[in-house]
Protein chains: 4
Amino acid sequence: MIVVMKSGTPLAEIERVSQEIRSWDITPEKLEGTHKVVIGLVGDTAEIDPRQIQNLSHCIEQVLRVKKPFKRASKEFRYGEPSEVVVPTPNGPVTFGQNHPLVVVAGPCSVENEEMIVKTALAVKAAGAQFLRGGAYKPRTSPYAFQGHGESALELLAKARVVTGLGIITEVMDTADIDKVASVADVVQIGARNMQNFSLLRKVGATLKPILLKRGPSATIEEWLMAAEYILAAGNPNVILCERGIRTFDQQYTRNTLDISAIPVLRTLTHLPIMIDPSHATGFSEFVSTMAMASIAAGTDSLMIEVHPNPAKALSDGPQSLTIEAFEQLMQEMAPLSKFFGRWAKNDSATVMPKFAAKVATMAGV
Amino acid sequence: MIVVMKSGTPLAEIERVSQEIRSWDITPEKLEGTHKVVIGLVGDTAEIDPRQIQNLSHCIEQVLRVKKPFKRASKEFRYGEPSEVVVPTPNGPVTFGQNHPLVVVAGPCSVENEEMIVKTALAVKAAGAQFLRGGAYKPRTSPYAFQGHGESALELLAKARVVTGLGIITEVMDTADIDKVASVADVVQIGARNMQNFSLLRKVGATLKPILLKRGPSATIEEWLMAAEYILAAGNPNVILCERGIRTFDQQYTRNTLDISAIPVLRTLTHLPIMIDPSHATGFSEFVSTMAMASIAAGTDSLMIEVHPNPAKALSDGPQSLTIEAFEQLMQEMAPLSKFFGRWAKNDSATVMPKFAAKVATMAGV
Amino acid sequence: MIVVMKSGTPLAEIERVSQEIRSWDITPEKLEGTHKVVIGLVGDTAEIDPRQIQNLSHCIEQVLRVKKPFKRASKEFRYGEPSEVVVPTPNGPVTFGQNHPLVVVAGPCSVENEEMIVKTALAVKAAGAQFLRGGAYKPRTSPYAFQGHGESALELLAKARVVTGLGIITEVMDTADIDKVASVADVVQIGARNMQNFSLLRKVGATLKPILLKRGPSATIEEWLMAAEYILAAGNPNVILCERGIRTFDQQYTRNTLDISAIPVLRTLTHLPIMIDPSHATGFSEFVSTMAMASIAAGTDSLMIEVHPNPAKALSDGPQSLTIEAFEQLMQEMAPLSKFFGRWAKNDSATVMPKFAAKVATMAGV
Amino acid sequence: MIVVMKSGTPLAEIERVSQEIRSWDITPEKLEGTHKVVIGLVGDTAEIDPRQIQNLSHCIEQVLRVKKPFKRASKEFRYGEPSEVVVPTPNGPVTFGQNHPLVVVAGPCSVENEEMIVKTALAVKAAGAQFLRGGAYKPRTSPYAFQGHGESALELLAKARVVTGLGIITEVMDTADIDKVASVADVVQIGARNMQNFSLLRKVGATLKPILLKRGPSATIEEWLMAAEYILAAGNPNVILCERGIRTFDQQYTRNTLDISAIPVLRTLTHLPIMIDPSHATGFSEFVSTMAMASIAAGTDSLMIEVHPNPAKALSDGPQSLTIEAFEQLMQEMAPLSKFFGRWAKNDSATVMPKFAAKVATMAGV
């Protein structure tokens with residue numbers, strides 16, 4: 001349930017209404033939108049009659065019930081205002097969100113050794129990435145496959161962070177490892193296979209760390225948003241959704257099928273920022289560049305690209321990794337397209353067209 | 001099997017080699033590429049030893065066996081040269097192909113009456129479309145649903161063609177109707193449900209009419225190319241492939257899942273031109289525009305957009321149809337993006353970036 | 001809409017009511033059930049008020065509207081009474097239906113030559129099959145694969161029919177071939193790929209020939225029943241539904257996934273008889289026997305089993321074909337299980353258990 | 001890699017060979033089959049030349065490399081001998097395995113209160129079940145749905161165990177809860193959504209507790225066996241595989257699609273025992289009975305059936321739960337069918353047919 005306050009409502013009145021609501025054992029969450037203040041009601045609101053709230057103040061414009069099963073993740077909960085996930089990194093804060101430049105995350109599938117991770121980090125930074133990805137704990141189909149170097153890999157990521165100033169994104173697989181991972185990672189990743197590991201979701205939700213929630217390969221969009229809701233409901237508002245390809249009947253030429261239409265669909269359902277991972281989605285480096293371009297045109301807020309100094313010798317996921325050179329070239333291609341859409345960090349040249357993304361972002365009505 | 005001739009081989013020598021091959025009961029198909037002449041061998045080549053052919057002439061650079069199950073549809077068969085499907089329309093020839101401007105096809109799901117089809121045709125032409133789509137024979141899940149006006153709808157399409165000069169694309173469902181449909185249509189459509197109606201494929205393959213082959217909602221890319229091969233093998237080289245969304249486990253927010261990665265995958269497999277239909281793929285007009293933009297960025301050669309003067313009253317597929325105004329706006333958005341990629345018909349403004357599509361089109365090796 | 005007449009209503013009164021209904025441009029279809037007479041109303045019944053009909057006669061027990069999109073195929077349309085498809089064969093009539101013995105159809109994927117088809121026919125007859133299957137026209141993914149011997153294969157099937165007295169089931173792919181195929185076949189098969197070839201459905205619906213309608217590999221149960229409705233709506237009540245495996249994400253160890261739960265689901269939705277084809281479903285002969293047993297336990301009315309005298313040399317689908325010996329063994333295994341369920345033709349031994357199928361067949365309410 | 005010893009090899013010689021192998025840093029696992037002794041080699045055997053081993057003793061019949069990616073789970077690893085998972089329960093040991101009677105597990109989705117769980121336990125025991133299922137920790141799509149009563153539910157399960165003597169099967173979702181759950185459960189369940197929660201698999205693998213591994217709704221059979229391999233590789237050989245329906249394109253009439261063909265497929269791939277859960281698979285109580293019968297005919301070793309004293313008031317999964325009466329009736333139906341296949345615990349009546357399961361179980365060759 002949300003309470004929309006009239007424009008110009010004095011702060012004291014908003015505070016008074018919030019206090020009143022609190023007295024009913026409901027937690028009010030204040031959101032200052034561009035035009036209005038909205039109060040989201042968190043708790044058991046099923047029994048509350050909207051008119052009861054309406055009567056609290058003549059400054060209340062309307063009281064709306066969120067009908068979607070995902071409450072906090074729904075667009076309605078923020079009255080159409082996209083949320084922003086601000087991640088402090090050594091190089092400064094980076095914001096994921098619809099009204100912000102494209103954020104590029106790059107790096108290898110797994111952290112193999114110091115030389116390779118530092119080399120890759122320096123290269124992707126030079127090419128323009130804001131985050132380094134790299135797996136310390138790797139979920140692998142086979143128990144006999146390389147499982148990641150674990151804790152020692154976390155140390156190497158910390159080193160790469162110091163050297164480059166890049167933010168770090170790495171995956172946590174076990175509730176027991178959350179603190180350890182969160183001490184190094186700027187964004188903690190929940191992998192696709194753990195999207196419905198509800199214990200893990202609840203526990204990362206109990207932190208305030210930004211969370212990258214990958215879509216399960218066979219998860220519906222609603223299940224994905226419900227998984228995000230677990231994190232949000234536990235108190236952590238910093239969730240980024242990452243589409244990484246879904247499992248379909250055709251697996252001959254691509255590993256998964258990148259569901260780009262998830263982007264416009266999510267825009268109608270949620271305020272959360274979106275990342276696309278074309279590397280895992282396609283499984284082959286030769287398709288990454290085209291799908292990255294398509295994702296930008298569809299309005300993604302962020303891209304995750306697998307990069308390896310020597311893909312042929314990668315310990316995992318070599319076929320889908322770009323070489324450093326290929327990544328540099330991709331950045332060269334992405335920059336003008338992102339500028340075209342008004343979504344490039346150093347937006348030094350005029351954009352060809354009015355912000356396409358902005359149009360998408362407008363609220364069509366709750 | 002293909003025979004690559006050395007650059008500068010005299011025509012007479014190519015003719016001599018072709019004659020020789022013909023004497024083995026194999027049909028040689030000459031393709032004049034930008035740099036070289038390639039002879040495709042059609043027939044039972046399984047028993048032929050490539051060295052046998054190599055020995056025919058010192059002007060033969062190499063003899064290559066096409067390993068893909070789809071022979072004529074494969075990129076190798078044209079030695080990496082994309083094919084062009086040139087469609088004569090009253091307004092002049094329109095070419096579908098990788099090195100040509102984006103072709104826009106627009107119109108209603110089905111032809112309802114003269115006023116609506118002529119009105120729509122005039123509007124989409126004014127907005128910049130080159131083709132009018134409209135169903136006369138409609139494949140419907142229910143026998144009790146509107147099945148299309150059939151022959152009388154064909155006459156209305158003929159009228160809209162005269163009035164606007166637009167090319168006409170309409171579907172044929174029965175081998176018995178091919179002549180009738182082909183007499184009106186500039187491009188004959190094989191619908192998704194008939195993608196493996198092999199009798200129909202063989203019979204449209206026996207004409208030279210351009211054929212739009214929609215991908216079956218659960219067809220693999222290989223099955224789709226094999227369906228194209230039926231048409232090509234019957235002698236008709238004018239095939240355009242149309243992706244219109246595949247069936248997956250998630251059908252809650254979109255009707256199908258648009259498989260945009262089919263574009264880069266097809267580029268590595270086939271020389272045939274590609275069309276994307278975001279209307280059927282998503283099933284909702286609000287997602288069409290974003291997916292059209294993504295498709296352009298991924299390098300599609302053509303787009304098919306459903307447009308209806310009054311979607312709320314459409315006899316079929318209303319929810320996925322754009323209004324005329326929405327289509328005009330979409331064209332306004334698509335034009336600068338297509339220009340950006342160097343793929344807009346009236347390419348009067350400078351492109352921001354070297355042709356992206358060209359890069360994709362280059363032959364990485366047979 | 002159906003009109004349920006009270007028990008004991010005189011024939012003349014039923015006739016009078018039917019006449020009255022006919023005067024409204026609605027066709028009444030009389031069904032004499034075991035206990036009651038039901039009149040199905042065919043035509044545009046949307047505007048009719050049930051009370052209007054109720055008032056026609058005091059012998060009318062109730063008037064029910066069929067809510068399912070498939071009307072004639074729905075269980076309601078026959079007031080829960082399973083339909084029977086009686087096929088006259090040289091050996092006598094064979095009935096497909098819930099209250100009848102299991103019908104076994106066996107034979108090769110395609111008719112290869114006279115010797116093999118006659119040999120197979122004799123063998124499967126000796127083992128207890130009632131029908132011979134064999135393809136004359138084969139839908140093949142590749143235009144270069146064996147397409148069936150066509151008309152000459154039909155002649156061989158006719159010969160096998162004369163020699164063995166078995167009924168013949170063979171597929172039609174083109175509306176132009178229906179008469180030719182129907183002149184030989186006792187049951188005409190619509191293949192999985194043509195399940196939504198609506199022209200073909202309408203035209204076989206215009207005959208009274210029993211039709212075997214295979215489920216498309218990605219067709220929902222509702223789409224399948226709607227396809228059956230095309231045939232029923234065209235006037236042909238003799239439809240048998242055949243499940244032959246659906247396409248899923250896992251195609252590593254089986255060609256398709258046999259959806260056995262389609263059996264109990266169909267029992268709640270339709271009166272039509274059901275056949276299971278474990279050969280196409282699994283794609284491997286080693287799994288056929290187990291899945292045949294499971295299908296019998298789930299209550300199938302019929303089984304279609306691929307049998308070839310020499311699977312290793314089959315022109316198509318060898319890996320899924322049983323040898324003649326394996327088929328004989330399977331019949332030995334199926335007989336006691338079918339007897340156990342009271343569904344074996346020569347039901348000479350006592351059944352262990354009261355008819356399981358009968359329980360399933362009872363009408364739980366319309 | 002496995003070493004097959006000749007029949008009649010003296011124990012001392014087997015011990016000597018094992019010692020030799022141990023000296024190479026490979027762990028030998030001795031399996032005494034019905035006819036032969038087989039030694040499975042666990043460790044990095046990639047570099048070992050089979051002839052090297054062959055030369056160790058003239059009592060070695062042959063040395064075979066396991067080619068499947070799942071080593072310990074593969075049928076080859078036990079030379080075709082099915083494994084048995086023996087679970088001690090208060091009522092005595094119950095064995096899951098191909099050559100043992102059908103094991104029936106029954107109970108509610110979640111433990112709601114003492115009265116309902118004890119009542120259900122008494123009822124399912126009286127009807128013939130060997131195990132009580134019931135969720136203490138429930139993985140739910142929504143964070144707002146009932147999540148199970150946790151620890152207090154475990155206590156209620158312990159009470160039901162004491163009262164009835166039934167074995168207990170309940171799910172663990174978090175590595176932190178393993179000890180707690182294992183202290184009550186006789187079989188610990190890994191739920192479908194956690195099938196690839198590799199941390200959890202490794203940790204339950206470090207116990208010797210029997211583990212029920214549910215197939216993920218979109219997991220391939222190979223991924224499922226690789227998940228089992230995680231547990232086996234961690235040292236726990238007591239794994240039971242449970243198929244509970246897979247996710248497909250059709251979700252209109254059933255929640256999932258029960259993949260019964262997984263049974264014969266698994267029989268060719270693995271020695272592990274199999275359970276089928278028709279309740280979750282179909283999602284509707286009306287289909288449970290038919291699918292249970294089909295599963296028995298396909299040779300399942302065990303069935304898991306959801307039973308609730310009042311399904312309409314169940315806190316979770318009511319629609320798929322049988323009433324106690326319906327469960328009793330199902331047991332009445334399953335008993336004769338299981339006896340027919342020679343797989344009923346109190347096998348007091350003659351079986352109609354030689355063991356069908358036994359045939360399936362024979363080793364066709366490694």
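(A) Broad picture of the overall build of chain A. Within chain A, the regular secondary structure consists of 12 helices and 14 strands. Whereas a compact globule of 366 residues would reach a radius of gyration of roughly 21 Å, chain A reaches 21 Å, a difference of no more than 12%. If one aligns the C-alpha atoms of chain A with their principal axes, the spans along those axes are about 65 × 50 × 45 Å. The buried share of chain A, reckoned over its 366 residues, is 65%. For chain A, restricting intrachain contacts to residue pairs at least 6 apart in sequence, the fraction spanning at least 24 positions comes to 68%. Accessible surface, chain A: about 12800 Å² in total, of which carbon and sulfur atoms supply 51%. Of note, chain A has its 37 positive side-chain charges centred 2 Å away from the centre of its 38 negative side-chain charges.

(B) Representation of the relation of the copies chain B and chain A. At an RMSD of 0.1 Å, chain B and chain A line up after a rotation of 180° and a shift of 0.0 Å along the axis. Read as a symmetry element, the transformation amounts to a two-fold axis. Taking the C-alpha atom as reference, chain B places Ala 294 of chain B closest to the rotation axis, 2.2 Å from it. Taken together, the interface assignments show that 98% of the residues at the interface of chain B recur at the interface of chain A, consistent with an identical surface on both copies.

(C) Geometry of the interface of chain B and chain C. Residue-level contacts link 31 residues of chain B with 31 residues of chain C. Note on chain B versus chain C: buried area summed over both sides is about 2500 Å², and carbon and sulfur give 47% of it. If you look at where chain B meets chain C, you find 4 salt bridges. Across the pair Asp 174 of chain C and Lys 203 of chain B runs a salt bridge whose closest N-O atoms are separated by 3.0 Å. Taken together, the connections running from chain B to chain C amount to 25 residue pairs in polar contact (both at pLDDT 80 or more).

(D) The state of the cysteines, seen in detail. One pass over the full model with this rule turns up 0 disulfides over all chains. This cysteine, Cys 109 of chain A, is not joined by any disulfide, and Cys 242 of chain A carries the nearest cysteine sulfur, 13 Å off.

(E) Main features of the pairing of strand E3 (residues 37–42) of chain C. Residues and elements named next belong to chain C. Burial within E3 is extensive, with 6 of its 6 residues counted as buried. Side chains Val 37, Ile 39 and Leu 41 of E3 all project onto a buried face; the interleaved residues Val 38, Gly 40 and Val 42 project onto the opposite face, where all are buried too. Note: strand E2 (residues 27–32) against E3, 6 bridges, orientation antiparallel. Paired with Pro 28 across the two strands is Leu 41, which belongs to E3. The antiparallel pairing of E2 with E3 creates a hairpin that spans 4 residues between the two strands.

(F) Focus on a nonpolar patch on the surface. A surface patch of nonpolar side chains, amounting to about 290 Å² of accessible area, comprises Leu 122, Val 162 and Val 163 of chain A. In this structure Val 162 of chain A comes out as exposed when scored by relative accessible area, which is 70%.

(G) Layout of the packing of helix H10 (residues 285–297) of chain A against helix H10 (residues 285–297) of chain B. Between H10 of chain A and H10 of chain B, whose axes approach to 7 Å, the crossing angle comes to 150°. Taken together, the axes of H10 of chain A and H10 of chain B lie roughly antiparallel to each other. In the crossing of H10 of chain A with H10 of chain B, the sense of the turn from one axis to the other is right-handed. Each of Met 293, Ala 294 and Ala 297 of chain A in H10 of chain A lies in contact with H10 of chain B, whose residues at this interface are Met 293, Ala 294 and Ala 297 of chain B. Looking at the contact of H10 of chain A with H10 of chain B, its residues break down into 6 nonpolar, no polar and no charged.

(H) Summary view of the relation of the copies chain B and chain C. With an RMSD of 0.1 Å, the fit of chain B onto chain C corresponds to turning through 180° and sliding 0.0 Å along the axis. The overlap is high: 100% of the interface residues of chain B also sit at the interface in chain C, so the same surface is used on both sides.

(I) Inspection of the side chain of Ser 316 of chain A at higher detail. All names here are of chain A. One can find Ser 316 in the loop between strand E14 (302–306) and helix H11 (324–340). For Ser 316, a relative accessible area of 4% translates into the label buried. Among the polar contacts made by the side chain of Ser 316, one reaches the side chain of Ser 110 at a distance of 3.1 Å. Residues contacting Ser 316, with those up to four places away along its chain left out, are Cys 109, Ser 110, Glu 112 and Arg 140.

(J) Structural detail: the pattern of salt bridges. Under the definition given, this model contains 78 salt bridges over all chains. Lys 214 of chain A is the salt-bridge partner of Asp 277 of chain A, the closest N and O atoms lying 2.6 Å from each other. Of the two residues, Asp 277 of chain A sits in the loop between strand E13 (274–276) and helix H9 (278–282) while Lys 214 of chain A sits in strand E11 (residues 211–214), which places them 63 residues apart along the sequence. Classification of Asp 277 of chain A as buried rests on a relative accessible area of 1%. Between Arg 215 of chain B and Asp 259 of chain B there is a salt bridge, and its shortest N-O distance comes to 2.9 Å. Linking Arg 215 of chain B in the loop between strand E11 (211–214) and helix H7 (221–233) with Asp 259 of chain B in the loop between strand E12 (239–243) and helix H8 (262–269), this pair joins segments that are 44 residues apart in sequence. Look at Arg 215 of chain B and you get buried, because its relative accessible area is 0%. Here the residues in one salt-bridge network are Arg 215, Glu 243 and Asp 259 of chain A together with Asp 250 of chain B, joined through shared partners.

(K) Quick peek at the sheet that holds E2 of chain C. All names here are of chain C. Reading across the sheet, the 4 strands line up as E2-E3-E1-E4 and stay open at both edges, with antiparallel pairing between neighbours. This sheet does not close on itself; its edge strands, each paired only once, are E2 and strand E4 (60–64). Here the average twist between neighbouring strands, direction ignored, is 20°.

(L) Inspection of the interface of chain B and chain A at higher detail. Each partner contributes residues to the interface: chain B has 45 residues there, and chain A has 44 residues. With both sides pooled, the region where chain B packs onto chain A buries about 3600 Å², and carbon together with sulfur makes up 74% of that total. For chain B, the biggest contributors to the area lost against chain A are Phe 249, Tyr 253 and Thr 290 of chain B; these three give 17% of the whole. Across the contact surface, chain B and chain A share 2 salt bridges.

How each quantity is defined
- Residues numbered from 1 in each chain as written.
- Chains lettered and ligands numbered in written order.
- Predicted model: local features only at pLDDT ≥ 70, side-chain atom pairs only at ≥ 80, totals over all residues.
- Heavy atoms only, no water.
- Helix = DSSP H or I, 4+ residues; strand = E, 2+ residues; numbered from the N terminus.
- Rg over C-alpha atoms; globule rule 2.2 N^0.38 Å.
- Buried < 20%, exposed > 50% of the residue type's maximum accessible area, 1.4 Å probe, protein only.
- Contact = heavy atoms within 4.5 Å.
- Areas by Shrake-Rupley, 256 points an atom, 1.4 Å probe, with all protein chains shown as cover.
- Lys, Arg positive; Asp, Glu negative; His and termini not counted.
- Charge placed at Lys NZ, Arg CZ, Asp CG, Glu CD.
- Least-squares fit on C-alpha atoms with pLDDT ≥ 70 in both.
- Buried area = accessible area lost by both parts, 1.4 Å probe.
- Salt bridge = Lys/Arg side-chain N within 4 Å of Asp/Glu carboxyl O.
- Polar contact = N/O pair within 3.5 Å; in protein donor to acceptor, adjacent residues only side chain to side chain.
- Disulfide = S-S within 2.5 Å.
- Pairing = 2+ DSSP bridges.
- Patch = residues over 30% accessible without salt bridge, like charges linked within 9 Å, V, L, I, M, F, W, Y side chains within 5 Å.
- Axes fitted to C-alpha atoms, helices over the stretch in contact; angles between N-to-C directions.
- Parallel < 35°, antiparallel > 145°, perpendicular 65-115°, else oblique.
- Left-handed = near helix turned anticlockwise from the far one by under 90°.
- Nonpolar A, V, L, I, M, F, W, Y, C, P; charged D, E, K, R; others polar.

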